Each structure stands twice: as C-alpha cells, then as structure tokens.
Amino acid sequence: MYTLTGLKLKNPAILAAGVLGTTGASLCRVAREGGAGAVVTKSIGPAPKTGHPNPSMIKLDCGFLNAMGLPNPSYPGFLQELEFAKNNSDVPVIASIFGGTPSEFAEVAEGLLPAKPDAFELNVSCPHAEGYGAAIGSNPCLVEAVTAAVKDVVNVPVWVKLTPNVADITCTGNAAESGGADAVVAINTVKGMAIDIESGYPILGNRSGGLSGKAVKPVAVKCVYDLYTALEIPVIGVGGVSSWEDAVEMMMAGASAVQVGSAVYDRVDIFSEIGSGIEAFLKRKGYSDIKKIIGLAHEMV
C-alpha cells in the first residue's frame, strides 16, 4: 500500500483524466480489471458542453492528437456517475473539474461534494477549450486564485494539473503550491496540429488540439524534474507513460506516482503491469521502498 496526499493506493499507477472516466461503470472497470491505484474522472464543469465538432481525435505514429473541447454533462448531471464510482470501487476516486473563474471552480467542487470524491484535480491545462484550461493555467495569479478558492470549500486533497505550454512550468507550479495545492500533476497535452496534404485542410474539427502519447514523455519527464526541485508538495507525472520502465523514469525525475492515459487504448490492464514491473525492479535493484527511487536522478549530478 502506498500513500499519496493522504490517499491509500495499492498501485502508484493512476488513470488519467479524460480516458474511460465518463461514466461510473467505466471508472470501476479500470479499477477492477485494470488494477489502477486510483481513477480520475473526465473533467466536469459548471454547465453542459458538447465539445468540439468531429473529428475530435486522431491516431498518429507517435501518439494521439485530440481536441475534445471538454464535453461534459455539468456537475449536476455527473453527480450520479461519481456516486456510482465511489460506491462500487475500492480505490480512490478523484474528480477532475474545470471552470472559467475561481468562483466557478469552487461552485463545481461544492456541487460534487455530496458524492464524496476522495480528492479533486483542477484542470487548468487543457490546450483546446477557449476560456478554460490553459487559458487559466498560463497565468500564475489565476492558478493560485483557483486553487485557493477550491481549497476554501473542500476538505479533501486538491491536485492541480499543469500545462506544459508555458515558458516555465515551475512558475505555475509555485502558484498552485502558494494557493494550497496538495500536489501538482504534470503534464497535460502539448499543443499540436495535423493537416491533410491532399485537401490542405486541418484534420481536427477544431483545427488544432493537444498531443499525447509516447512523443510527449521526454517533455513530461523534464517538467517533473524541474517541479521536483522547485516545490515542496508531491508531483504526479503524466505524459507518455506506457510501461513500468516509463513509470520508473518518471519517478526518478521526481514523480511520487504516475498517471496513464493514451496507453489505456491498447490495454486496460496496463496499471497492474506497471505495478508488478516496478515491484520486480525494486527487488532486483535492492531498493527496500518505492520512495528510494523518487527523485533519484537529482542525486546523480
């Protein structure tokens, strides 16, 4: 058993927001069949959103490009799904939320409290939803204000998911910590685009979107490495993790746990595979505890 911001995880591999997190049943499936240590919901906001027009997601040689646009039923419409996940899962359930202002974030958090989520993850990093996500997450003052607003109305851990689409991610990381965040999650997708050369048209309905998958792992590792040095609170690494080796690398950079997104499309049991792989690695290397490898790369300079 592993503890992260007070939550007990049987596995340091967590389902990332936006993947199989739309319904309570799918969240339970990832926990039960996949062996995830915790699960994060799809990002939920103050009002229903249909998202961007299709195509909203395409597969590339190096990963995925998506521009979903934060589609969601609103927090009143999602409350029942969150309750189902909480009542039928034996792992922590984290509610990912978004808003356009600090007060909207607080409203959504308060609105989901009756379902008793184990923690909240603040999405201030989506790169393709105008007025939301990275529009807030690129402004340290807003990041701090949003974090503080949510901390004021909840009594569970608050994680803040950061965008890599800034000059220095440690500035927003420090802002989240100043606002009272219990952990930061790094990173969300990297801005990207694909064009059909036969027609000349951008392929995504929103023209541009966010790149995820193996291609962004080096970016995520560097962001985690920098945040580990700059912050006192835990860093949760996400971006391109598709094997136990990737998870170990992310932890050596400074991640206390990892989230897995794109790799779930290939196999739901990736979480169990990562967990058992890390255990075998620790045994082979003679490490008594997983904490021995967290931030190890910082000791090698």
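Above this text sits the structure in question.
Please read these numbers as outputs of a predicted model, since none were measured by experiment.

Let's shift gears to the nonpolar core. Counting 91 residues, the largest nonpolar core has Val39, Ile97, Phe105, Phe120, Leu122, Trp159 and Phe271 as the members making the most contacts within it. Looking at which element gives the most residues to this core, the answer is helix α9 (residues 270-285), with six residues. Those residues in contact with phenylalanine 105 that lie beyond four places of it in its chain are Ile97, Phe98, Gly99, Leu122, Asn123, Val124, Ile136, Val146 and Val150. With seven residues, the next largest nonpolar core counts Ile58, Ala194, Leu204 and Val216 among its residues.

So, on to the pairing of strand β13 (residues 235-238). Alternating positions in β13 separate into two faces, Val235 and Gly237 on one and Ile236 and Val238 on the other, with burial throughout. Where strand β10 (residues 183-186) and β13 come together, three bridges link them in parallel fashion. The partner of alanine 186 across the bridge, within β13, is glycine 237. The sheet contact formed by β13 and strand β14 (residues 255-260) spans four bridges and is parallel. Residue pairing in the sheet places valine 238 in a bridge with glutamine 259 of β14. In this fold, β13 hands off to helix α8 (residues 244-253), which returns the chain to β14; that crossover is right-handed.

What follows covers the packing of helix α5 (residues 140-153) against helix α6 (residues 169-178). Each pair of packed helices gets described by two things: the angle between the helix axes and the distance between those axes. Where α5 meets α6, the closest approach of the two axes is 7 Å, and the angle between their N-to-C directions is 30 degrees. Between α5 and α6, the angle falls in the class roughly parallel. For the element pair α5 and α6, the recorded crossing hand is right-handed. Contacts from Pro140, Val143, Glu144 and Thr147 in α5 reach Cys171, Thr172, Ala175, Ala176 and Ser178 in α6. Taken together, the residues of the contact of α5 with α6 sort by class into five nonpolar, three polar and one charged.

This part is about the sheet that holds strand β3 (residues 13-15). What the eight strands build is a closed barrel, ordered β3-β4-β7-β8-β9-β10-β13-β14; its pairing is parallel. This sheet shows a mean twist of 30 degrees between the axes of neighbouring strands, independent of strand direction. Here helix α1 (residues 24-32) sits on the sheet and contacts β3 and β4 (38-40); the angle it forms with β4, its principal contact strand, is near 150 degrees. Against the sheet, α5 engages β7 (93-97), β8 (119-123) and β9 (158-162), with an angle of about 155 degrees to β9.

Rules of the game
Residues numbered from 1 in each chain as written. Predicted model: local features only at pLDDT ≥ 70, side-chain atom pairs only at ≥ 80, totals over all residues. Heavy atoms only, no water. Core = buried A, V, L, I, M, F, W, Y, C linked by side-chain atoms within 4.5 Å. Buried < 20%, exposed > 50% of the residue type's maximum accessible area, 1.4 Å probe, protein only. Helix = DSSP H or I, 4+ residues; strand = E, 2+ residues; numbered from the N terminus. Contact = heavy atoms within 4.5 Å. Pairing = 2+ DSSP bridges. Right-handed = clockwise from strand over helix to strand, strands pointing away. Axes fitted to C-alpha atoms, helices over the stretch in contact; angles between N-to-C directions. Parallel < 35°, antiparallel > 145°, perpendicular 65-115°, else oblique. Left-handed = near helix turned anticlockwise from the far one by under 90°. Nonpolar A, V, L, I, M, F, W, Y, C, P; charged D, E, K, R; others polar.

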